[in-house]
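Coordinate inspection notes
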Amino acid sequence: MKVGKIVSLAAALGLMTVALQAEEIKLSKEEMAKAKQIYFDRCAGCHGMLRKGALGPWIRPEPHKDKKGAMHGTKNLGTEALKALIYNGTPGGMPGWGKSGELTKEEVDLMAKYVQLPPPQPPEKSMADLKKSWKVLVPVDQRPTKPETDRNWKNYFGVVLRDVGKIAIVDGDKKEVVSVVPSGFATHILRSSKDGRYMYVIGRDGKASLIDLWMKEPKNVAEIRVCNDARSIDTSKYEGYEGKYAVVGCYWPPSIVTLDGQTLEPLKQVATASYTYDDGVFTREARVAAIIANHHKPEWVINIKETGQVWLYNYTDVKNPTIKMVEAERFLHDGGWDSTKRYFLTAANARDTISVIDTVEGKLVANIPSQGTKPHPGRGANVDSKKYGPVWLTGHIGSNDIVAIGTDPKGHPDNAWKVVKKIKLPGEGGGNLFIKTHPNCKYIFADRPVNPDRKLQTQIYVIDKDKLEVVKTIPIPEEYLKSDDPKVKARGPVHFEFNADGSEVWTSIWGNKKTASAILVFDANTLKLKKVIQDKRLITPTGKFNVTNTMGDIY
Ligand code: DHE
């Protein structure tokens, strides 16, 4: 048969597009390497290394129907549609990588082709690999025995300088940078030890580092590359175990790694690959999302994203841990404590659900429809409402809803474990990532950095705790959003954190790698801009973690 005839037969069978595209998609070794790196940096977090989806959808070549009945599969979409998606983003929260200037047109084209090829198998990591990368930079017996500084170190902020992989330690009293410490690639978050002295930092490349704040100039005292891709870290906070262990949650290889809390020596790896809680499908890529240390038990509460389980991980016998696997919902992402630190409330974003775990009874209390699209609480915000009693709040990435959920089954049983109040952010669309409050402040603050509308994206939304309504929006002054790279606009406000006594709220302007940007400090009661912290070392600040609030889980 002639080629022309094969083509018309294939066309008649509806196979031509696929066959022709399969021929077209050939990437050189260099292109493959570049695309792999871009995928890891920009895409893997939401779509997964194996591309089966989580916060973002399935983007493997072969077709797949999701739980809501929508069909996915990159081959069916084809190069042109994929290019448009990657360039423009989606209203559901996917950034417009081309439009924002973060990827060039050529890179967008490359990625549209790359995602139509089968995903390469990511590497594993053994205990020997971990040990090779482990370094104690300052041995425990050579560290200060008391704080070497006169500064109020319990009001320090650890600020993630995301795109340069560093942490800035900022004095919260004096509003000046005390030191800048290197950490992992695209550093993600940090958590404090129970006494506040140490900051545990995790990079997206799985590099964990330990900063000692008692030093005159805080610096890393230990580091280790725990895995290839990670998002979470915490430490043991139960009485008698304070700071004894650290724990890292890995996206790849999907695992929980326990470390010595003072030296980061690796002690135990536990793989999290398992069966989805509902339909029993084996899931190799069962990633570890939020980890939260229990103050009342020697236990970490750990979200296993894709399988929809919350693991209650008892660390008393560190080499032989006991794990209770609690069925919750999919895909588990971030979450935080209620005000009593008994209940863990966490987003299951594929099902628009908040799962509630009772850590005293060790069981699921409720799966609550969040009444919005893609809940994203950060750690959420706790309010003792006059009308509803204690409530915990979350925002959503995909819709403009902030919802309050009752958390007091004894005192306010009628309100417990349901949405008691819905607060609408003004304007269309979602894009909220973080909300935050402090017991001493009468407001909750919300950002919206992934809303497509520039005006909505660059405002602070202030919610009154009594009324549970947005009472003010504060536009970020244009002068702080300037960028010397015309293609990459500064994003902000991003993420909030309070100072130790709750009188100030800080937010970041996430600029680009070339330009130092700012941290804006607002009076948390008058809502006036009180101070702009500018320093040439403050490049791409995102998350901020105050020592007192982070050690005590105050939010
Ligand atoms: Fe985060 C928390 C995962 C992108 C800033 N982020 C978390 C947690 C998870 C997570 C699992 C909860 C950790 C915990 O509590 O133990 N984040 C992911 C992703 O998978 C995602 C969507 C995509 C990716 O590729 O990483 C992602 N995150 C981002 C960002 O782009 C942000 C906005 C900027 C940045 O610095 O990376 C960002 N994530 C944060 C911050 C927190 C966080 C600031 C902690 C909030 C808090 O107050 O505790």
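1. Here we look at the overall build of the protein chain
Across its full length, the protein chain carries 8 helices and 37 strands. Counting only C-alpha atoms, the protein chain reaches 85 × 55 × 50 Å along its principal axes. The buried share of the protein chain, taken over its 555 residues, is 59%. Looking at the protein chain as shown, the accessible area adds up to about 22,500 Å², and 53% of this sits on carbon and sulfur atoms. Taking the 82 positively charged and 65 negatively charged side chains of the protein chain as two groups, their mean positions are separated by 3 Å.

2. Regarding the coordination of the iron atom of the ligand
Donation to the iron atom of the ligand from the protein comes from one atom only, His188 (NE2), at 2.2 Å. Counting through the fold element by element, His188 comes out in the loop between strand E6 (176–182) and strand E7 (189–192).

3. Side note on the sheet that holds strand E14 (residues 266–271)
Pairing in this open sheet of 4 strands is antiparallel, and the strands run E11-E12-E13-E14 from one edge to the other. Strands with a single pairing partner mark the edges of an open sheet, and in this sheet they are strand E11 (229–235) and E14. Within the sheet, the average angular offset between the axes of one strand and its neighbour, ignoring direction, is 20 degrees. Where strand E13 (residues 255–260) and E14 come together, 5 bridges link them in antiparallel fashion.

4. A closer look at the side chain of Asn546
Within the secondary structure layout, Asn546 lies in strand E37 (residues 541–546). Looking at Asn546, its side chain comes within polar contact range of the side chain of Asn155, at 2.9 Å. With sequence-adjacent residues up to four places away left out, Asn546 is seen in contact with Lys154, Asn155, Tyr156, Phe157, Glu497, Phe498, Asn499 and Ala500.

5. Some details on the pattern of salt bridges
Summed over the entire model, instances satisfying the criterion amount to 29 salt bridges. Taking the shortest distance from any N to any O, the salt bridge between Asp109 and Lys83 comes out at 4.0 Å. Note that Asp109 is positioned in helix H5 (residues 105–114) and Lys83 in helix H4 (residues 74–88), a separation of 26 residues in sequence. You can call Asp109 buried: its relative accessible area is 18%. Lys83 gets classed as partly exposed once you look at its relative accessible area, which sits at 21%. Asp129 is the partner of Lys132 in a salt bridge, and the nearest nitrogen-oxygen pair spans 3.9 Å. Linking Lys132 with Asp129, this pair stays in helix H6 (residues 127–133), spanning 3 residues, or about one helical turn. Overlapping salt bridges bring together Asp278, Asp279, Glu329, Arg330 and Arg351 as one network.

6. Let's talk about helix H3 (residues 29–47)
Helix length check: H3, at 19 residues, gives a terminal C-alpha distance of 23 Å against a target of 27 Å (1.5 Å per residue), a shortfall beyond 12%. Of all the bends in H3, the largest measures some 50 degrees and sits at Phe40. Turning to H3, its buried residues are Ala35, Ile38, Tyr39, Phe40, Cys43, Ala44, Gly45 and His47. Its buried side turned inward, H3 meets H5, E11 and strand E12 (245–252).

7. Quick notes on the packing of aromatic side chains
Two measures describe an aromatic ring pair: the distance that separates the ring centres and the angle between the ring planes. Across all of its chains, the model carries 14 aromatic pairs by this definition. Between Trp153 and Trp214 the ring centres are 6.2 Å apart and the planes differ by 75 degrees, which places this aromatic pair in the edge-to-face class. With Trp153 in the loop between strand E3 (135–136) and strand E4 (156–161) and Trp214 in the loop between strand E9 (207–212) and strand E10 (219–225), the pair connects residues that are 61 residues apart, well separated along the chain. We classify Trp214 as buried; its relative accessible area is 16%. Ring centres 5.6 Å apart and planes at 65 degrees place the aromatic pair Tyr241 and Tyr315 in the edge-to-face group. With a gap of 74 residues between them, Tyr241 in the loop between E11 and E12 and Tyr315 in the loop between strand E19 (309–314) and strand E20 (322–327) connect regions that are remote in the sequence.

8. Description of the packing of H3 against H5
Direction vectors running N to C along H3 and H5 enclose 90 degrees, while the axes themselves pass 10 Å from each other. Our classification of the angle between H3 and H5 gives roughly perpendicular. Seen from H3, the contacting residues are Glu31, Met32, Lys34, Ala35, Lys36, Ile38, Tyr39 and Cys43; seen from H5, they are Glu107, Leu110, Met111 and Tyr114.

9. Points about the confidence of the model for the protein chain
Here the protein chain averages 93 in pLDDT, and 96% of its residues register 70 or above. Of the regions scoring below 50 in pLDDT, residues 1–23 engages in 11 contacts with residues more than four places distant in sequence or in other chains.

10. Concerning the nonpolar core
Counting 38 residues, the largest nonpolar core has Ile169, Ala208, Val226, Val248, Leu259 and Leu264 as its most contacted members. A total of 5 residues in this core trace back to one element, the largest contributor, which is strand E8 (residues 198–202). The contacts of Val248, once residues within four sequence positions are left out, are Ile202, Ala208, Val226, Ala230, Ser232, Ile233, Ser255, Ile256, Val257, Leu259 and Ile291. One finds Ile25, Leu27, Tyr39 and Ile86 within the second-largest nonpolar core, a separate group that totals 23 residues.

11. Focus: the state of the cysteines
The final tally for this structure, using the stated rule, is 1 disulfide. Between the sulfur of Cys227 and that of Cys250 lies a disulfide, 2.2 Å long from S to S. An S-S torsion of about -85 degrees defines the bridge between Cys227 and Cys250 as left-handed. Taken together, the positions of Cys227 in the loop between E10 and E11 and Cys250 in strand E12 put the pair 23 residues apart, joining distant regions of the chain. Judged by relative accessible area, Cys227 falls into the buried class, the value being 0%. Cys46 carries a free sulfur, and the closest cysteine sulfur to it, the one in Cys43, is 8.8 Å from it.

Conventions and cut-offs
- Residues numbered from 1 in each chain as written.
- Predicted model: local features only at pLDDT ≥ 70, side-chain atom pairs only at ≥ 80, totals over all residues.
- Heavy atoms only, no water.
- Helix = DSSP H or I, 4+ residues; strand = E, 2+ residues; numbered from the N terminus.
- Buried < 20%, exposed > 50% of the residue type's maximum accessible area, 1.4 Å probe, protein only.
- Areas by Shrake-Rupley, 256 points an atom, 1.4 Å probe, with all protein chains shown as cover.
- Lys, Arg positive; Asp, Glu negative; His and termini not counted.
- Charge placed at Lys NZ, Arg CZ, Asp CG, Glu CD.
- Donors = N, O, S within 2.8 Å, 3.2 Å for Na, K, Ca; no water.
- Pairing = 2+ DSSP bridges.
- Axes fitted to C-alpha atoms, helices over the stretch in contact; angles between N-to-C directions.
- Polar contact = N/O pair within 3.5 Å; in protein donor to acceptor, adjacent residues only side chain to side chain.
- Contact = heavy atoms within 4.5 Å.
- Salt bridge = Lys/Arg side-chain N within 4 Å of Asp/Glu carboxyl O.
- Expected span 1.5 Å × (residues − 1).
- Bend = angle between axes of the 7 residues up to and from the residue.
- Phe/Tyr/Trp six-rings, centres within 6.5 Å; stacked < 30°, edge-to-face > 60°.
- Parallel < 35°, antiparallel > 145°, perpendicular 65-115°, else oblique.
- pLDDT = per-residue confidence, 0-100.
- Core = buried A, V, L, I, M, F, W, Y, C linked by side-chain atoms within 4.5 Å.
- Disulfide = S-S within 2.5 Å.

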